[in-house]
Amino acid sequence: MLKVAFFDTKPYDQPSFEHYGKLHDIEFKFLETKLNKDTVELARGCDAVCVFVNDDVNAEVIDRLYDYGVKLIALRSAGYNNVDIKHAFGKIHVVHVPAYSPYSVAEHAMALLLTSIRRVHKAYNRTREFNFSLNGLTGFDLHGKTVGVIGTGKIGRIFIDICRGFGMKVLAYDKFPVKDADFEYVSLDELLEQSHIISLHCPLTPDTMHMIDHDAIAKMKKGVVIINTSRGALIDAEALLQGIKERHIGAACLDVYEEEADIFFNDLSGHILNDDLLARLISMPNVIVTSHQAFLTEDALNNIAETTVNNIQTYFKEDGLCDNELCYRCGRIEHCQKNRQERCF
Ligand code: NAI
C-alpha cells in the first residue's frame, strides 16, 4: 500500500480522498499542518506528499523530501507557484491537477462581480435587520460594458463565455494567445485602457508578479472593477489600496491575496488580524474578499481527489509516466512539449 502525507488537510478534503484512496490502495496520512521546512519531517517514511496552494515547497523542503526517499509531490491544485519546480527537476517528480472544474472558478469570478456591482452583500445585511432602504445600493448594467480578460486558458475562456452571455464586449490578453480564438486579443496596455472590468486568469510567474501595479492602475479607466481569482501576487496590494483611496478603482473583488498563506482557510474571527493592508482593504465598502474559495464546489472537490489519486497511482504503478507531470526541462511549463512516452528525467 502506498503511503502519502497529506498536508494542510481541511474537513472538506478528507471524504473524497479517503474514498478514491481506498479504491487504489493508497493510504493518506492526513495532517492539519502546512508543509514547510519545520514540518517536512512528517513526510518521513512516505512515498509521496500531497500539497495545496499554501504549502511552501521550497528548495530546502525539496532536498529534505529527497533525502527521506519521497518520490512524488502531488499538488491537489492547478497552480504550482508554491513549488520550486526548477529545484525539483532531477530529484522529485511533480504532478498537479490541471483542470478540476474551471467552471467553479469562472462562476465564482462572476458571482463576485455581480455581488459587488449590485451591492448584494450590502442588501443582504440590510434586510436581515429589516432595513429596506435602497439608498446607496445603485449599481450598473453589465450589458454593453467592456470586460478585459487576462489569461485565456481554461478558466479565462469560460469566464469570457459567461460575460458574453451578459452582452458584454470582451477584450483579451494572453502571452501565448490561442489560435482558434473567437474573441478579440489586444495588447495588455489596450486592455487596461479600454476595460470597465478587468479579470485576472493567468498563473503567477516571475513575468506576471505584480502585473497590476501603480503603472498598470494609472492606465485603467476611472471606476474600473478589478477581479482576481488567480493568485494574490498578480496584484501589488499597496498599489490597489492606493487606487481605491484615490477613487480611481471603482471596486475590487479578491478571492486571493499576496500574503494569504497564514490567513486564508483559517477562522481568525477571535483574533487581531496582523495584516494591516488586508484589514484596510476589507474595510473598504467597494472591496469584497473571499478566502480562496473559488474552487470550492462539490464537483471540483470530487474531481480534485479523483485526478490526484490517479496521478499518484499512474506514477507509481505505470513506471512514472503521468500526463499531469510538471516538466521544468522545456522551460515553458504550461506548454510542455515533452514526449509523453518518456519520463521527464
Ligand atoms: P491555464 O493554464 O489553462 O491558463 C492560464 C493562461 O494564462 C494560459 O492561456 C497562459 O498562456 C496564460 N499566461 C501565461 N503567462 C501569461 C502572461 N505572462 N500574461 C498573460 N497570460 C499568461 O490555467 P487555468 O486553469 O485557466 O487557471 C488560471 C489560474 O487560476 C491558475 O494559474 C491558478 O493560479 C488560478 N486558480 C485559482 C483557483 C482559486 O480557487 N481561486 C483555482 C484554480 C486555479
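Calculation criteria
Residues numbered from 1 in each chain as written. Predicted model: local features only at pLDDT ≥ 70, side-chain atom pairs only at ≥ 80, totals over all residues. Heavy atoms only, no water. Helix = DSSP H or I, 4+ residues; strand = E, 2+ residues; numbered from the N terminus. Rg over C-alpha atoms; globule rule 2.2 N^0.38 Å. Buried < 20%, exposed > 50% of the residue type's maximum accessible area, 1.4 Å probe, protein only. Contact = heavy atoms within 4.5 Å. Areas by Shrake-Rupley, 256 points an atom, 1.4 Å probe, with all protein chains shown as cover. Lys, Arg positive; Asp, Glu negative; His and termini not counted. Charge placed at Lys NZ, Arg CZ, Asp CG, Glu CD. Pairing = 2+ DSSP bridges. Axes fitted to C-alpha atoms, helices over the stretch in contact; angles between N-to-C directions.

### A word on the overall build of the protein chain
Step number 1: Within the protein chain one finds eleven helices and twelve strands.
Step number 2: For a compact globule of 345 residues, the expected C-alpha radius of gyration is about 20 Å, and the protein chain comes in at 21 Å, within 12% of that figure.
Step number 3: Expressed along its principal axes, the backbone C-alpha trace of the protein chain runs to roughly 60 × 50 × 35 Å.
Step number 4: Residue burial in the protein chain is summarised as follows: out of 345 residues, 49% are buried.
Step number 5: Restricting to contacts in the protein chain with at least 6 residues of sequence separation, those with at least 24 account for 66%.
Step number 6: Within the structure as shown, the protein chain displays about 16600 Å² of accessible surface, and the carbon and sulfur contribution to it stands at 49%.
Step number 7: Here the protein chain contributes 37 positive and 49 negative side-chain charges, whose respective centroids are spaced 2 Å apart.

### A short note on the sheet that holds strand β3 (residues 48–51)
Step number 1: Sheet architecture is open: five strands sit in the order β2-β1-β3-β4-β5, paired in parallel fashion. This sheet does not close on itself; its edge strands, each paired only once, are β2 (26–30) and β5 (93–95). Between one strand axis and the next, the sheet turns through 25 degrees on average, direction left out of account.
Step number 2: Across the face of the sheet, helix α1 (residues 14–23) comes into contact with β1 (2–6), β2 and β3 while running at roughly 155 degrees to β2.

Spatial relationships are all this shows, so hold off on functional conclusions.
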